[in-house]
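Structure at a glance
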Amino acid sequence: MTAAPTDVVRTDVLVVGAGPGGSSAATHLARLGRDVLLADGAVFPRDKACGDGLTPRAVAELENLKLDHVLQGAPVNNGLRGHGFGRSLTLPWNGPHLPRHGSAIARTVLDNALRDAALDAGATGLDGHRAVDVELTGGRLTGVVLRGPDRTVTVQADHVVVADGGKSHLGRLLGRTWHQETVFGVASRAYATSPMADDPWITSHLELRDETGRMMGGYGWVFPLGNGMVNIGAGTLATKKRPASINLRKLTEEYARQRRDEWQLGELTGYGSAPLPMGGAVSGVAGRNWMLIGDAAACINPLNGEGIDYALETGRLAAEHVVSAGPAADYTASWPALLDAEYGEAFSIARRLGLLITHERLLALSGPIGMRSHAIMSVAFRVMGNLVTPEDTDVVARLWRTAGRASLRLDRRRPFH
Ligand SMILES: Cc1cc2nc3c(=O)[nH]c(=O)nc-3n(C[C@H](O)[C@H](O)[C@H](O)COP(=O)(O)OP(=O)(O)OC[C@H]3O[C@@H](n4cnc5c(N)ncnc54)[C@H](O)[C@@H]3O)c2cc1C
């Protein structure tokens, strides 16, 4: 990469956003010998509103990235303690081809470590620089304008990976549309001290009620961080037609009030919230020489709101796609097709089920039935926890894929289209 006095910078691949998605893409690309510039509007280490939970799928992807050291010293959790409708169930992580443990790491720590890994692999970091404008020539993205505190840099790259999160300002400049008639999430989290921060299970309450006692379609969580702190939060699902008319901060405070005695929680700190685009409910995820990954491409599971695993995975897939497509690449059709092949079935059925959850009456009827059966909830936990992989050939995995294919046929708008 060479910087000219005019602040025009040339690079092979520009990655915008150094969250899990961008740092994963940058690490893989740099290891594959590419000249990579990894830019972010924030200055690292930075926080990100998140439950901080790492599913076994995220753990597997970190191991795949050879970043096992990131997990060293981090808490290990064995699965979920689920509560609701008068019952409690303990459900171990149960993906046959995935690790049998998850973890939880505060994003200030995790994202900094992931970005460091990308820089160690040879990527050049440029933090404190926000993508604010684009230059397009004949359909190609020929410049991305990054504004920093003291200077503006125009980056000219052969390929651009857009990993700037759920709101994806850069994606919007490039024509990304978020379809909010499809289910999406809103979630908030806070931190609190707890003597139970070493609990080896994550906790979730599927019967989530606001301060008036009204049932919300979503769940509350307590994720032990192993350092004397827990991440506590709540999330709910909505659509344009059925908006979540709630005060998220109040919902989190109410959930924490309900859990306070049991967890001996200290005062809430670090409150943060964000909307979550889910289930590939965006179009315009690629153009001639750019592609969107992670939350920017709405790669969040509609059934649990988790997206770190998908961000890490789509970072890897994008890197492989850049390398295999070669210099004359055109990602306009190939990238959405690849995402669709990878996630389309699961996202289609998951967002259809997520839509049902937005109907409180249906939830009130089905919740107690589900919670009565360990077998049903075990299956639900597997699909909700992103634990079905392409290698799985068991009955549950086959049924899930069949339901996904049927759901795709009913979709008026396929994921990523
Ligand atoms: C309350 C809440 C709880 C959640 N809990 C979990 C959980 O427990 N487990 C889980 O797996 N997922 C969870 N998620 C989802 C998870 O946070 C995301 O899926 C994940 O962060 C996606 O990673 P990403 O790299 O795509 O985007 P991000 O992590 O959002 O990273 C995007 C990066 O882009 C940068 N950026 C943004 N705009 C620009 C710009 N214009 N120019 C330059 N840089 C820019 C940002 O500074 C940021 O660093 C939760 C989300 C919320 C809101």
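Quantities reported herein were computed from a predicted structural model and do not represent experimental measurements. (Residues numbered from 1 in each chain as written. Predicted model: local features only at pLDDT ≥ 70, side-chain atom pairs only at ≥ 80, totals over all residues. Heavy atoms only, no water.)

Quick notes on the sheet that holds strand β4 (residues 53–54)
Read across the sheet, three strands follow the order β4-β8-β5 without closing on themselves; strand pairing throughout is antiparallel. Among the strands making up the open sheet, the edge pair consists of β4 and β5 (76–77). As defined by bridge partners, β4 adjoins strand β8 (residues 102–104) across two bridges and the pair is classed as antiparallel. Each residue of the ladder has a partner; that of L54, found in β8, is S103. (Pairing = 2+ DSSP bridges. Helix = DSSP H or I, 4+ residues; strand = E, 2+ residues; numbered from the N terminus.)

Some remarks on the pairing of strand β12 (residues 152–162)
In terms of burial, β12 is a largely internal element, eight of the eleven residues being buried. Both strand β2 (residues 8–16) and β12 contribute to a ladder of eight bridges, which runs parallel. Paired with L14 across the two strands is V160, which belongs to β12. Here four bridges tie strand β11 (residues 140–147) to β12, and the two strands are oriented antiparallel to one another. Across the sheet, the residue bridging to V144 is V155, located in β12. Once β11 ends, the chain turns through four residues before running back antiparallel as β12. Relative to strand β22 (residues 290–292), β12 runs parallel, the two being bridged by three bridges. Bridge assignment links V162 to a residue of β22, and that residue is L292. (Buried < 20%, exposed > 50% of the residue type's maximum accessible area, 1.4 Å probe, protein only.)

A look at the pattern of salt bridges
Applying the stated criterion to the full structure yields 22 salt bridges. For E313, the salt bridge goes to R57, with nearest N and O atoms at 2.6 Å. With E313 in helix α7 (residues 308–325) and R57 in helix α2 (residues 56–64), the pair connects residues that are 256 residues apart, well separated along the chain. Take E313: its relative accessible area is 7%, and that puts it in the buried class. Residues R214 and D210 are paired through a salt bridge, measuring 3.5 Å at the closest nitrogen-oxygen approach. Judged by its relative accessible area of 9%, D210 is buried. Among the charged side chains, a network of salt bridges with common partners joins R46, R107 and D111. (Salt bridge = Lys/Arg side-chain N within 4 Å of Asp/Glu carboxyl O.)

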